[in-house]
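# Results of the structural survey
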Amino acid sequence: MEIILALGIGVLAGSGVWLLLRPRTFQVIIGLTLLSYAVNLFILAMGRLRTGAPAILAAGRSGEPAHYADPLPQALILTAIVISFATTALFLVVLLAARGLTGTDHVDGAERES
Amino acid sequence: MTGWIEHLPIVPVVLPLVAGAGMLLIDERRRGLKAALNLGAIIALAGVGLALLGLVANVPSSQTAAQVEVYRLGDWPVPFGIVLVVDRLAALMVVLTSVLALTSVVFSLARWHRAGAHFHSLFQFLLMGLNGAFLTGDLFNLFVFFELLLAASYGLMLHGSGTARVQAGLHYIAINLAASLLFLIGVSLLYAVTGTLNMADLATRIPLVPASDRMLLETGAAILGVAFLVKAGMWPLSFWLPSAYSVAAPPVAAIFAILSKVGVYVVLRLSLLLFSEEGPSVAPFGQEWLLFGGMATIAFGAIGVLAAQDTARLAGFAVLISSGTVLTAIGTGQPGVTASALFYLISSTLAISAFFLLVELIERGRGPGADILAVTLEAFGEEDEEELEAVEEVGIATPATLAVLGLSFIGCALVLAGLPPLSGFIAKFALLTALLNTPGPGTEAAVAPASWALLALLIVSGLATLIAMTRAGMRVFWAPLERAIPQVRLVELTPVVALLIACAGLTVQAEPLLQYTQKTAQTVHNPHDYIRGVLSGAAEEQSVPRGDGS
């Protein structure tokens, strides 16, 4: 499971960074989204990987921490998802505005002469 | 301590939230009301900031420990809940923020607040994020406040619209989003190693981290540091800054002057808090990076001010010089230097803010920004009677306007270049003295080579600023008057003059302020009081159940 998660994070982050460095605004926004997925998975991994362990205290079970997954990273991810969702939406608007104002989807607002 | 005083630390966060959210409900056309609310909230904020300052600065003589106000949100016990911590540094930054906010908003009343939607709400949200970032004692909460202030800053960056702003805003947002992701990676790495997010708790646990995890911990801290340094504008991470700041609407750029200082503030706070506690495996690390990175930033900024073609860009590079100077001072790791750097931070931030406002006044009527503004004003500002009211302009086409503008320009130049008699000189002088006088703890040697290099850089950067400012001033004020004298209203001139008078005030009151920053630097460099202050709340909580109804 660790190797799958690590590969997943690696592939997402790698493609995210590659797209982020591309000259089209749409590629940049997809890159940022992929990167934020990778980071969210990374936060989850930082809370140690557990299977079949609930994060919330179940009725009738003891409060022994060993039985439970760490709930904090999950809360952090939730916050991070909300924030990155909002900022991505905002970025999308700016992207459209830039497209409308400059007439091109190049990040610098002008095609490179070549 | 009972009653409302106890809830004072949360006010700088809640007040802008309520004011900003409340203003969303008001019709966008009732700008007068919004402006009044915004101004009122900021004045109240300044009052609260001063009250907090008084609270932490007045240490009873019987008590040697530094005063730290801790506010537990929801009254959760300390390592688990989120805390707000007010110490000298945080209180100082809150007051500085409210001063800059006040002048920026007053300036915007002339016309800029009509150049787009929801200016006043966004402004309040920005203040909420700033104050929260200064006050919070929790790493993840810091992330949330950072995102909050960035989200508001994205909106303000685009305020007034126009191709240049959208273009620069696009870069600004992309870079800051990427930096936020780095922030998250750093936070989660620190959490993975230590199992806590509370800064004071982190500081006590970091010495206990086994050597095998040390690498992971330092990686996390370094990634976190990169995220903050992007915001602070350290050299290889700062290319976005001058272009973003120079095209932002002037009142926005004026408040953005404190935005880059947030990064500096967090670097100062965290690097000294997390890696100061003596322990077997703990050594301060990353200081050389700050030192040399900061120096590179100063050099880059100095070259930038010389190369800048237009005055707004010059101001953007001045931000870099200021950030770089403070970062380098932090990198020296000496309390004396940090104290002077804090003084420098206050004085340079005020001056840069004034300069951003001034640039727009003297450049008014030329350049492509003016017609874009006219278009957006037409789209948003429907009432033209305010323009008619504008007959009470100070001295239309009289030399008095130019004289005041010129004097303000000279004032800005003096502070930024660090020449007497304004506060920039005292700041630089204090910085140089501290560099020469404290050769570092433990070393008997005279002055380290790095200090000499920094000394030279500070003087050269001052010279570069002076040359650039003189050139810009000659171009603007001594050019033949073929263009109209800028029409300036009193409400626009007042904030600039007020900020410069504040700088003059800093000169007169330099001694008490320097004493304050020295104590601040000592508390920041010896964070035991901070840690004890935050964590003792937890012990107290477990032993004595508190009976108040908060």
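Residues numbered from 1 in each chain as written. Chains lettered and ligands numbered in written order. Predicted model: local features only at pLDDT ≥ 70, side-chain atom pairs only at ≥ 80, totals over all residues. Heavy atoms only, no water.

### Here we look at the overall build of chain A
Within chain A, the regular secondary structure consists of 3 helices and 0 strands. In sequence order, chain A lays out its α and β elements as α-α-α. For chain A, the residues scored as buried account for 34% of the 114 residues in total. Within chain A, contacts between residues at least 6 apart in sequence are counted, and of these 50% link residues at least 24 apart. A total accessible area of about 6,800 Å² is found for chain A, and carbon and sulfur atoms account for 69% of it. (Helix = DSSP H or I, 4+ residues; strand = E, 2+ residues; numbered from the N terminus. Buried < 20%, exposed > 50% of the residue type's maximum accessible area, 1.4 Å probe, protein only. Contact = heavy atoms within 4.5 Å. Areas by Shrake-Rupley, 256 points an atom, 1.4 Å probe, with all protein chains shown as cover.)

### Looking at the overall build of chain B
In terms of helices and strands, chain B carries 21 helices and 2 strands. Taking all 550 residues of chain B together, the buried fraction comes to 58%. Restricting the contact set of chain B to residue pairs at least 6 apart, pairs at least 24 apart contribute 82%.

### Comments concerning the interface of chain A and chain B
The interface of chain A with chain B comprises 31 residues on the first partner and 24 residues on the second. Of the roughly 2,400 Å² buried between chain A and chain B, counting both surfaces, carbon and sulfur atoms make up 83%. Inspection of the chain A/chain B interface yields 4 residue pairs in polar contact (both at pLDDT 80 or more). Residue assignment for the side of chain A that touches chain B shows that the elements contributing at least two residues are α2 (25-46) and α3 (71-102) of chain A. Here the side of chain A that touches chain B gets 15 residues from one element, more than from any other, and that element is α3(A). For the side of chain A that touches chain B, the per-class residue count stands at 21 nonpolar, 7 polar and 3 charged. (Buried area = accessible area lost by both parts, 1.4 Å probe. Polar contact = N/O pair within 3.5 Å; in protein donor to acceptor, adjacent residues only side chain to side chain. Nonpolar A, V, L, I, M, F, W, Y, C, P; charged D, E, K, R; others polar.)

### Structural notes on the confidence of the model for chain A
Looking at chain A, the pLDDT average stands at 86 and 96% of residues meet or exceed 70. Within chain A, the lowest mean pLDDT, 88, falls on α3(A), and the highest, 93, falls on helix α1 (residues 2-20) of chain A. (pLDDT = per-residue confidence, 0-100.)

### Thoughts on empty space enclosed by the protein
Residues and elements named next belong to chain A. If you walk through the whole model with that rule in mind, you get 7 cavities of 30 Å³ or more. Of the pockets and cavities examined, the largest cavity occupies roughly 130 Å³. With 5 residues, the top contributor of residues to the lining of the largest cavity is α3. The residue makeup of the lining of the largest cavity, split by class, is 7 nonpolar, 7 polar and 1 charged. (1 Å grid on protein atoms, 1.4 Å probe; cavity = no way out; pocket = protein on both sides within 12 Å on 5 of 7 lines; lining within 4 Å. Points joined across faces, edges and corners; volume = space filled by probe spheres on them.)

### Remarks on the side chain of Ser323(B)
Residue and element names in this part refer to chain B. Tracing the sequence through the fold places Ser-323 in helix α12 (residues 311-332). Only 2.8 Å separates the side chain of Ser-323 from the backbone oxygen of Ala-232, close enough to count as a polar contact. Not counting the four nearest positions on each side in its chain, Ser-323 is found in contact with Ala-232, Ser-260, Lys-261 and Val-264.

### Things to note about the environment of Leu109(B)
With respect to the helices, strands and loops of the structure, Leu109(B) is situated in the loop between α3 (88-108) and α4 (119-135). Non-local contacts of Leu109(B), meaning those with residues more than four positions away in its chain, are made with Ala35(B), Leu39(B) and His120(B).

### Quick look at the pattern of salt bridges
All names here are of chain B. With the rule as written, the count across this model stands at 5 salt bridges over all chains. Here Asp-201 and Arg-205 are joined by a salt bridge, their closest N and O atoms 3.3 Å apart. Of the two residues, Asp-201 and Arg-205 are both situated in helix α7 (residues 199-205); the distance of 4 residues between them amounts to about one turn of the helix. With a relative accessible area of 8%, Asp-201 lands in the buried category. The exposure class of Arg-205 is partly exposed, given its relative accessible area of 33%. One salt bridge in this structure joins Arg-214 and Glu-218, with 3.1 Å as the shortest N-O distance. Residue Arg-214 and its partner Glu-218 are both found in helix α8 (residues 211-232); the two are separated by 4 residues, about one turn of the helix. Classification of Glu-218 by relative accessible area gives partly exposed; the value is 25%. (Salt bridge = Lys/Arg side-chain N within 4 Å of Asp/Glu carboxyl O.)

### Regarding a nonpolar patch on the surface
A contiguous nonpolar patch, built from Ile3(A), Ile4(A) and Leu7(A) and spanning about 350 Å² of accessible area, is present on the exposed surface. Looking at where Leu7(A) falls in the secondary structure, it is placed in helix α1. (Patch = residues over 30% accessible without salt bridge, like charges linked within 9 Å, V, L, I, M, F, W, Y side chains within 5 Å.)

### Topic: the nonpolar core
Note on soluble globular proteins: their nonpolar side chains tend to be buried together. Ranked by size, the top nonpolar core spans 199 residues in total, and within it Leu139(B) and Tyr172(B) carry the most contacts. Setting aside residues no more than four positions away along its own chain, Leu139(B) makes contact with Phe183(B), Val187(B), Leu190(B), Leu197(B), Met199(B), Leu202(B), Leu224(B) and Leu270(B). Of all hydrophobic cores here, the second largest spans 8 residues; its members include Ala38(A), Ala45(A), Leu189(B) and Ala192(B). (Core = buried A, V, L, I, M, F, W, Y, C linked by side-chain atoms within 4.5 Å.)

### Focus: the state of the cysteines
All names here are of chain B. Taken as a whole and assessed by the stated rule, the structure comprises 0 disulfides over all chains. Not engaged in a disulfide, the cysteine Cys-412 finds its nearest cysteine sulfur in Cys-503; these two sulfurs lie 7.7 Å apart. For Cys-412, a relative accessible area of 0% corresponds to the buried category. Exposure remark for Cys-503: the relative accessible area of 0% places this residue in the buried category. (Disulfide = S-S within 2.5 Å.)

### Focus: the environment of Thr433(B)
All names here are of chain B. For Thr-433, the position within the fold is in helix α17 (residues 423-437). Using a relative accessible area of 30% as the deciding quantity, one classes Thr-433 as partly exposed. Distance from Thr-433 to Leu-455, taken between C-alpha atoms, is 9.7 Å for residues 22 residues apart in sequence.

### Remarks on the confidence of the model for chain B
All names here are of chain B. Averaged over all residues, the pLDDT of chain B is 81; the fraction at 70 or higher stands at 84%. For chain B, the element scoring lowest by mean pLDDT is helix α15 (residues 385-389), at 44; α4 scores highest, at 91. The low-confidence segment residues 367-372, where pLDDT is below 50, has 3 contacts with residues more than four positions distant or belonging to other chains. Counted against residues more than four places away or in other chains, residues 540-550, with its pLDDT under 50, gives 11 contacts.

### So, the packing of helix α6 (residues 163-194) of chain B against α8(B)
All names here are of chain B. Interaxial distance between α6 and α8 falls to 8 Å at its minimum, and their mutual angle equals 155°. Considering the angle they form, α6 stands roughly antiparallel to α8. The hand of the α6/α8 crossing is left-handed. Partitioning the contact of α6 with α8 into residue classes produces 18 nonpolar, 6 polar and 2 charged. (Axes fitted to C-alpha atoms, helices over the stretch in contact; angles between N-to-C directions. Parallel < 35°, antiparallel > 145°, perpendicular 65-115°, else oblique. Left-handed = near helix turned anticlockwise from the far one by under 90°.)

### Re unusual backbone geometry
One non-glycine residue with positive phi stands out, namely Arg48(A), at about 65°. In this fold, Arg48(A) is placed in the loop between α2 and α3. What makes Arg48(A) exposed here is its relative accessible area of 51%. A positive phi is found at Asp75(B), a non-glycine position, where the angle reads about 60°. With respect to the element layout, Asp75(B) can be found in the loop between β1 (69-72) and β2 (83-86).

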